[in-house]
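A closer look at the structure
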Amino acid sequence: MSKTIQIILNSLMKLFDVMVRQLEHVFIRKSDEMIGLDIGTGFVKVAQVNRKGGQPVLTNLGRVAIPTGIMDDGYIIDVNGMTQTIRECLALSYAVGKEVVVGLSGCHVFSREITMPVMPKQELAEAVKWGLEEYVPYPVDSFYYDFDIIGSNEDGKTFELLLVAAPYEIVNPLIAAVTAAGLELVAIETEALASVRVLQKSKDSGASSGHFFVIDIGAKLSQLTIFQKGVPFYTRIVPVGGMHFTQVIMQVTGLDFNEADMLKSKKNAFLQSADFIGELSKVNQELKLLIVQLAFEGRQTLDSYITQNHQVMIDQVFLMGGGACLKNLLPELRHQMDLTIEMVNPLAFMSASTAFDPQFLERVIPQMAVAIGLALRGDA
Ligand SMILES: Nc1ncnc2c1ncn2[C@@H]1O[C@H](COP(=O)(O)OP(=O)(O)OP(=O)(O)O)[C@@H](O)[C@H]1O
Ligand SMILES: [Mg+2]
């Protein structure tokens, strides 16, 4: 097994394991300049964090829309095109250095718990290997996998294992594009694991039990993740994202995609409760229907988790992702879900270079949160 793949598998295994994450804090090779690279379905995002003074400082940010034909359904189908897009994004951000941590969308990582009789680790590895066909829904020899012991039952007769798997089709083109862009891959990890580093209260040891609900509204989909004790526990994918908001504007106004996307980012009047007439009213009605769908799925995810987990309390609900930047979406979602929801803000606990325009930062931070979390690997 190559060193890179081993790094990836080791990283994947850290998905849910707080203990390992604490060890990682001690052992990770720390570079002064770490790049976080978040490749979504719509945008490539780069964030760079500098640790020279001890405390992490956000120094560089960049985002580039992924041209059509490069990704299909979350898969990179044009590696050269993706390499070019990553290069553009790096250049735009003025990022320096080569070391990079790359994010893997939750919808591309399969994980499940399995129970096995207690046995030596080597035998456990063999037993898992022989059971893969039963445990993992991907074809044989088409995925990377690894497992770790996450517990044992009270009588000491069985282990609880966490098995994780990611398809070659997802991971290999990602590695190829990143390395061809001249970057040195330090790790691949899930977006959820990266995002927990930018949730305020998880930094605030003792003040929170680490039970969060995070709504990440991306380009084509939204990821709803429940964190238990600061560890990603459950992710649900909802097919609503910023692209659908743009499509609503296109359909009602007749604008093309780019014009509608521009209008979406600029206009303040979307989703406001005032009674508009004509096109704006129609756009607002259609946008609200999408938010209602998102809110319904969110509420259902949260309620069923709370019921199944004996009324466990969720400390905070966070919103992030570029789609969440739609003006007035936050109050509308709060209203629809009848919940206190906060926009994620990594800058509440870390500083940013004074070279950034504060208004630019405010505008883009929700979209850059995963990239920043990736660049913070090793800090939390
Ligand atoms: N200021 C803004 N106002 C409204 N929408 C915005 C704004 N900035 C970005 N967006 C939208 O955010 C979306 C992209 O968000 P993001 O980069 O989080 O998605 P992604 O990570 O590529 O996708 P996914 O997570 O679904 O794979 C696009 O639809 C874009 O139009
Ligand atoms: Mg995303």
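Keep in mind that what you see is a predicted model, and the values were worked out from it rather than measured.

Conventions we followed
Residues numbered from 1 in each chain as written. Chains lettered and ligands numbered in written order. Predicted model: local features only at pLDDT ≥ 70, side-chain atom pairs only at ≥ 80, totals over all residues. Helix = DSSP H or I, 4+ residues; strand = E, 2+ residues; numbered from the N terminus. Buried ≥ 20, exposed ≤ 12 C-beta atoms within 10 Å, placed from the backbone. Contact = placed C-beta atoms within 7 Å. Core = buried A, V, L, I, M, F, W, Y, C linked by C-beta atoms within 7 Å. Pairing = 2+ DSSP bridges. Axes fitted to C-alpha atoms, helices over the stretch in contact; angles between N-to-C directions. Arc of directions from axis to C-beta. Expected span 1.5 Å × (residues − 1). Bend = angle between axes of the 7 residues up to and from the residue. Near = placed C-beta within 6 Å. Nonpolar A, V, L, I, M, F, W, Y, C, P; charged D, E, K, R; others polar. Domains from an automatic or database assignment. pLDDT = per-residue confidence, 0-100.

Moving on: the overall build of the chain. A tally of regular secondary structure across the chain gives 11 helices and 16 strands. Buried positions account for 39% of the 380 residues belonging to the chain. Taking the contacts inside the chain whose residues are at least 6 apart along the sequence as the reference set, 68% of them involve residues at least 24 apart.

Ranked by size, the top nonpolar core spans 85 residues in total, and within it Leu37, Val178 and Ala375 carry the most contacts. Per-element accounting of this core gives the leading share, eight residues, to helix 11 (residues 358-375).

What follows concerns the sheet that holds strand 9 (residues 158-167). Overall, antiparallel pairing links the three strands, which are arranged 7-9-8 in an open sheet. Two strands close off the open sheet at either side, each with one partner strand: strand 7 (110-117) and strand 8 (143-152). Averaged over all pairs of adjacent strands, the angle between their axes in this sheet comes to 25°, without regard to strand direction. The sheet contact formed by strand 7 and strand 9 spans eight bridges and is antiparallel. Residue pairing across strands places Thr115 opposite Glu160, the latter belonging to strand 9. Packing of helix 5 (residues 168-180) onto the sheet brings it into contact with strand 8 and strand 9, and relative to strand 9 it is tilted by some 60°.

Turning next to helix 8 (residues 257-266). Listed as buried for helix 8 are Ala260, Asp261 and Lys264. Along the long axis of helix 8, the arc covered by the buried residues comes to 100°, so they all point the same way. Exposed residues on helix 8 whose side chains face more than 90 degrees from its buried face are Asn258 and Lys266. Of the surrounding secondary structure, the elements contacted by the buried residues of helix 8 are helix 7 (242-253).

Taking 1.5 Å of rise per residue, 18 residues should cover 26 Å, yet helix 11 covers just 20 Å from first to last C-alpha, more than 12% shy of that figure. Its maximal kink placed at Ile365, helix 11 deviates by approximately 70°, while the proline Pro366 follows within four residues. Considered for burial, the residues of helix 11 that qualify are Ile365, Pro366, Gln367, Met368, Ala369, Val370, Ala371, Ile372, Gly373, Leu374 and Ala375.

Consider a sheet: its strands pair through backbone hydrogen bonds, and that pairing is either parallel or antiparallel. Read across the open sheet, the six strands follow the order 10-6-1-2-3-16; overall the sheet is mixed. Every other strand in the sheet has two partners, leaving strand 10 (184-190) and strand 16 (351-352) as the edge strands with one partner each. Here strand 2 (residues 43-50) runs beside strand 3 (residues 57-65); their pairing, made up of eight bridges, is antiparallel. Bridge pairing links Lys45 to Arg63 in strand 3. This element, helix 3 (residues 79-93), spans strand 1 (33-39), strand 2 and strand 3 of the sheet and lies at about 140° to strand 3. Across the sheet, helix 11 touches strand 1, strand 2, strand 3, strand 6 (99-104) and strand 16, and the angle it forms with strand 1 is around 110°.

Right, let's talk about the site of ligand 1 for a bit. Near ligand 1 there are 24 residues, and of these Gly40, Gly218, Gly242, Gly322 and Cys325 occur at the shortest range. Looking at the shell around ligand 1, the elements with two or more residues in it are strand 2, helix 7, helix 8 and helix 11. Partitioned by chemical class, the residues of the shell around ligand 1 number six nonpolar, 13 polar and five charged. Two domains each provide a minimum of three residues to the shell around ligand 1, namely domain 1 (3-108 + 168-198 + 345-375) and domain 3 (237-342).

On to the confidence of the model for the chain. On average, the chain scores 86 in pLDDT, and the residues at 70 or more come to 88%. Taking the mean pLDDT of every element in the chain, the minimum, 37, falls on helix 2 (residues 18-27) and the maximum, 98, on helix 3. Here residues 13-29 is modelled with pLDDT under 50, and outside its nearest four sequence neighbours on either side it reaches 25 contacts, counting other chains as well.

Our next topic: the environment of Tyr168. Relative to the helices and strands, Tyr168 is located in helix 5. In sequence terms Tyr168 and Asp141 are 27 residues apart; their C-alpha atoms lie 8.8 Å from each other. Setting aside anything within four residues of it in sequence, one finds Tyr168 in contact with Ser142, Phe143 and Tyr144.

Bridge count for strand 12 (residues 222-228) against strand 13 (residues 231-238) is seven bridges, and the pairing is antiparallel. Residue pairing for strand 13: Ser222 is matched across the bridge by Val238. Where strand 12 folds back on strand 13, the antiparallel hairpin that results is connected by two residues, among which Lys229 adopts a positive phi of roughly 50°.

Considering the arrangement of structural elements, one finds Thr301 in helix 9 (residues 278-308). Along the backbone, Thr301 and Ile226 are 75 residues apart, and their C-alpha atoms lie at a distance of 8.5 Å. Setting aside anything within four residues of it in sequence, one finds Thr301 in contact with Leu224 and Arg236.

Among all residues except glycine, the phi angle is most often negative; among peptide bonds, the trans geometry is most common. If you check the backbone angles, Asn328 has positive phi at about 70° while not being a glycine. Within the fold, Asn328 resides in the loop between strand 14 (316-320) and helix 10 (329-337). Assessed through the 17 C-beta atoms surrounding it within 10 Å, Asn328 is described here as partly exposed. Phi at Asp338 takes a positive value of approximately 55°, unusual for a residue other than glycine. Mapped onto the elements, Asp338 comes out in the loop between helix 10 and strand 15 (341-343).

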